[in-house]
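Coordinate inspection notes
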Amino acid sequence: MSPSLYWWAKETHKGTPVVVKMENPNNWSMVELESPSEDDFLYSNDGVSKGGRNRNAKQLTWVILLKAHKAAGCLTSIGAAFLSLAAIVRRRVVAGKTDSTDKSSGENLTVKSRFYSCIKALLWLSLVLLGFEIVAYFKGWHFEASDLQLQHLYTLASGFAVKDVFDLLYSKWVLVRVEYLAPPLQFLANVCILLFLVQSLDRLILCLGCFWIKLRKIKPVPKTGTSDLESGDGDAYFPMVLVQIPMCNEKEVYQQSIGAVCGLDWPKDRLLIQVLDDSDDPTTQMLIRDEVNQWHQSGVNIIYRHRVIREGYKAGNLKSAMNCSYVKDYEFVAIFDADFQPNPDFLKQTVPHFKDNQELGLVQARWSFVNKDENLLTRLQLINLAFHFEVEQQVNGIFLNFFGFNGTAGVWRIKALEESGGWLERTTVEDMDIAVRAHLHGWKFIFLNDVECQCELPESYEAYRKQQHRWHSGPMQLFRLCFPAIIKAKIKLWKKANLMFLFFLLRKLILPFYSFTLFCIILPMTMFIPEASLPSWVVCYIPATMSFLNILPAPKSFPFIVPYLLFENTMSVTKFNAMISGLFQLGSAYEWVVTKKTGRSSEGDLVSLVEKSPPPQRGISEPNLEELKEEIAQKVHKAKKKKHNRIYTKELALAFLLLTAAVRSLLSAQGVHFYFLLFQGISFLLVGFDLIGEQVV
């Protein structure tokens, strides 16, 4: 028996029927009927109920129209988004606010101008070469992958192939490329590829170490825990702890930090809080001083310190505080930056690790972020920092007992600080400086991945860019200063090798060098000098694999893996510039720019301090808090009016360079390279117009 020609009517008539009512394209509705009756499944001998085919055809027509209406609406939304984007770009071009007009960028303007001039020269050269190549292409000079053989190129460029003056010029250009330009470019490309593979191997080993830690459930465990002193337990461990909160003109976040630290669960007679205010704004000084006085009146052992002569930035502030006579009575010091909010049990989770472990100098906690989902920029930062803490810090802490101090959310043994020389103002990375010197003196470090301290991520690209410049110029400056001490240090040879080649050279110098040179300079140049080439696995597969490994500690960020890869290459411009500044002692390496905070996490805390705090602690300050809230709100509102997005010239120049190279790659039919250059160029374009991060209307 042959199957029915209307099998689809029997098989697909399932589920709840839907009636679509559409009076016009802008006024439609969908009504869901009750479950189908038996009559809906009764068909005549030919397999279709009477009139059923017409009804199905009409419903199908209306559904198609509905889908078309939704598609049209989607296209309209995309078009509106592009128009809005174009309007924003136009406003920023008209405003003319560029990074060259930013006096507080922390970068030497002369160096920045030279760097920009070099990129701009490459851009103009690429535009000239692109025009030259397009003309050659239409005159019959087609180069495929099979043509890029030396013997074949010599044949193409020989006198027999020359027809006119242009052909003569182009043939000479091909010979110059083959004999003089391609060999050194290919050599440099091979060197960068080798560095890239070494760095990728290092990252893979770190990931395997993290996997082993998770598999074996390895974690630092204190030899004994704390217990309540009132219980009379003789094993109670509550040493004298000094807590320092360095800050500078951070009126948006000072209140939440001071409030969180004052809430630490530790005996009051064994805890002293120092608020180290380096602010030069009188209003900010008054607000912070009043906040400290209110907590002091409520019974908290807290003092306010302000330096008249602000030398040495944060390192000078901490050094000055450690010179106080009463510091000798304390055994440990905990440090929290102005936007950090430790949990009440922070000291109880960190300090017990020091007991019966006299070689331990530092216990570092992990950061968590209150605004990690604020915008695309904060989401991308989360990927980097999650990998840094989950993988780099944890693996180095477990297997090497050494890592870079993060500058905050850590507890130091004061003896370790003193034996290592204390805080020095010689670099902008005083935290890494003291960590390296303590390691050279034999002190061990512990990283606690399960102890978190909340803080805030930079929400604007301008603030993030300045932060990254400081973080990447300081290590190179420190490496120059510490190199003799590392050589002379009385530590094991493998520790010296780890410190020099892995900690400094590979992760602080080689990474920004090859990332910028390989993907922003060499790759576009190989499009104009195709005799030198980069394999597809270097351009696509290994970077994708490394991005996949980086994103593993933050699995919720997997949808952002492509933007993350492109953005990291985009940031290589800033990191490379900073690395050069630090390595060669340029002026910008010594500039400290405080990362701007929005205080977004403190908005709810201000209300909670007024409404939820116990009366004995904060009752006397309720009226003043309301006044402070109003004053802070007014100042934040005024500050937002002064803020504006900038145009970043280096990023824009590189965007046009990469897009020009992408057009050139089409002439050589290099598919993977074209897509990489296209999307990387668009990424630079978005960053250049400051379209990532906080948008100031």
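Residues numbered from 1 in each chain as written. Predicted model: local features only at pLDDT ≥ 70, side-chain atom pairs only at ≥ 80, totals over all residues. Heavy atoms only, no water.

Some thoughts on the overall build of the protein chain
Secondary structure assignment for the protein chain yields 21 helices and 10 strands. Looking at the protein chain residue by residue over its 697 residues, the buried ones come to 51%. Within the protein chain, contacts between residues separated by at least 24 positions form 80% of all contacts whose residues are at least 6 apart in sequence. Approximately 33,800 Å² of the protein chain is accessible, and the part contributed by carbon and sulfur atoms is 60%. (Helix = DSSP H or I, 4+ residues; strand = E, 2+ residues; numbered from the N terminus. Buried < 20%, exposed > 50% of the residue type's maximum accessible area, 1.4 Å probe, protein only. Contact = heavy atoms within 4.5 Å. Areas by Shrake-Rupley, 256 points an atom, 1.4 Å probe, with all protein chains shown as cover.)

With respect to the pattern of salt bridges
Using the criterion set out here, one finds 22 salt bridges in the structure. Between Arg177 and Glu133 there is a salt bridge, with its nearest N and O atoms 3.0 Å apart. Taken together, the residues span a long stretch of sequence, with Arg177 in helix H5 (residues 165–216) and Glu133 in helix H3 (residues 109–138) at a distance of 44 residues. A residue is classified by how much of its surface remains accessible, and Arg177, at 0% relative accessible area, is buried. According to the relative accessible area criterion, Glu133 is buried, its value standing at 3%. Residues joined in a network through salt bridges with shared partners are Glu133, Arg177, Glu531 and Arg664. (Salt bridge = Lys/Arg side-chain N within 4 Å of Asp/Glu carboxyl O.)

Observations concerning the environment of Val327
Considering the arrangement of structural elements, one finds Val327 in the loop between helix H8 (313–322) and strand S6 (332–335). For the pair Val327 and Met240, spaced 87 residues apart in sequence, the C-alpha separation works out to 9.9 Å.

Here we look at unusual backbone geometry
Phi at Asp356 takes a positive value of approximately 60°, unusual for a residue other than glycine. Positionally, Asp356 belongs in the loop between helix H9 (346–350) and strand S8 (360–369).

A short note on the packing of aromatic side chains
For any pair of aromatic rings, the description consists of the separation of the ring centres together with the inter-plane angle of the planes. Tallied over the entire structure, the rule returns 27 aromatic pairs. With 5.6 Å between their ring centres and 90° between their planes, Phe405 and Trp412 make a pair best called edge-to-face. Each member of the pair, Phe405 as well as Trp412, carries the same accessibility label: buried. Each ring, one from Phe519 and one from Phe676, has its centre 5.7 Å from the other, and the planes form 45°; the classification is tilted. Pair noted here: Phe519 is in helix H14 (residues 493–528) and Phe676 is in helix H21 (residues 671–688), with a separation of 157 residues, a long-range link. In this structure, Phe519 and Phe676 share a single accessibility class: buried. Lying over the aromatic face of Phe503, Lys508 brings its terminal NZ or CZ to 4.3 Å of the ring centre. (Phe/Tyr/Trp six-rings, centres within 6.5 Å; stacked < 30°, edge-to-face > 60°. Lys NZ or Arg CZ within 6 Å of the ring centre and 35° of its normal.)

Let's talk about the sheet that holds strand S7 (residues 341–342)
Strand order in the open sheet formed by eight strands is S5-S4-S3-S6-S9-S8-S10-S7, with mixed pairing between adjacent strands. The strands lining the two open edges of the sheet, one partner per strand, are strand S5 (302–306) and S7. Inspection of the sheet shows S6 paired to strand S9 (residues 410–413) by four bridges, in the antiparallel sense. In the strand pairing of S9, Val333 is matched with Trp412. Each of strand S3 (241–247), strand S4 (271–277), S5 and S7 is contacted by helix H6 (residues 254–262), which is oriented at about 175° to S3, the strand it contacts most. Strands S3, S4 and S5 of the sheet are contacted by helix H7 (residues 282–297), whose axis makes an angle of about 160° with S5. (Pairing = 2+ DSSP bridges. Axes fitted to C-alpha atoms, helices over the stretch in contact; angles between N-to-C directions.)

Some details on the packing of H5 against helix H10 (residues 376–399)
One can describe the packing of H5 onto H10 by two numbers: an axis separation of 9 Å at closest approach and a directional angle of 75°. Classified by the angle between their axes, H5 and H10 sit roughly perpendicular to one another. Contacts between H5 and H10 pair Arg203, Leu206, Cys207, Gly209, Cys210, Trp212, Ile213 and Lys214 from the former with Phe387, Glu390, Val391, Glu392, Gln394, Val395, Asn396, Ile398 and Phe399 from the latter. Residues of the contact of H5 with H10, tallied by class, amount to 10 nonpolar, three polar and four charged. (Parallel < 35°, antiparallel > 145°, perpendicular 65-115°, else oblique. Nonpolar A, V, L, I, M, F, W, Y, C, P; charged D, E, K, R; others polar.)

Topic: the environment of Leu678
Structurally, Leu678 is set in helix H21. For Leu678, a relative accessible area of 25% corresponds to the partly exposed category. Residues in contact with Leu678, not counting those within four places in the same chain, are Leu659 and Ala662.

Details of the packing of helix H12 (residues 430–440) against H14
Contact pair H12 / H14: the axes reach a minimum separation of 11 Å and the direction vectors enclose 160°. Put simply, H12 runs roughly antiparallel to H14. For H12 against H14, the interelement crossing comes out right-handed. Contact residues: H12 offers Met432, Val436, His439 and Leu440, while H14 offers Lys495, Leu499, Phe503, Phe504 and Lys508. In the contact of H12 with H14, the residues fall into six nonpolar, one polar and two charged. (Left-handed = near helix turned anticlockwise from the far one by under 90°.)

A short note on the pairing of S9
In S9, alternate side chains face the same way, and those of Gly410 and Trp412 on one face and Val411 and Arg413 on the other are all buried. The sheet contact formed by S8 and S9 spans three bridges and is antiparallel. The residue bridging Leu362 from the neighbouring strand is Trp412, located in S9.

Brief notes about the side chain of Arg203
With respect to the secondary-structure elements, Arg203 resides in helix H5. Judged by its relative accessible area of 13%, Arg203 is buried. Contacts of Arg203, omitting those with residues within four sequence positions, involve Phe387, Glu392, Leu511, Met546 and Asn550.

Focus on the pairing of S3
For S3, a buried count of seven out of seven residues is recorded, marking the element as mostly surrounded by other parts of the structure. Of the two faces of S3, both are covered, the one formed by Val241, Val243, Ile245 and Met247 as well as the one formed by Leu242, Gln244 and Pro246. Across seven bridges, the pairing between S3 and S4 is parallel. Paired with Ile245 across the two strands is Val275, which belongs to S4. Where S3 and S6 come together, four bridges link them in parallel fashion. Across the sheet, the residue bridging to Val241 is Phe332, located in S6.

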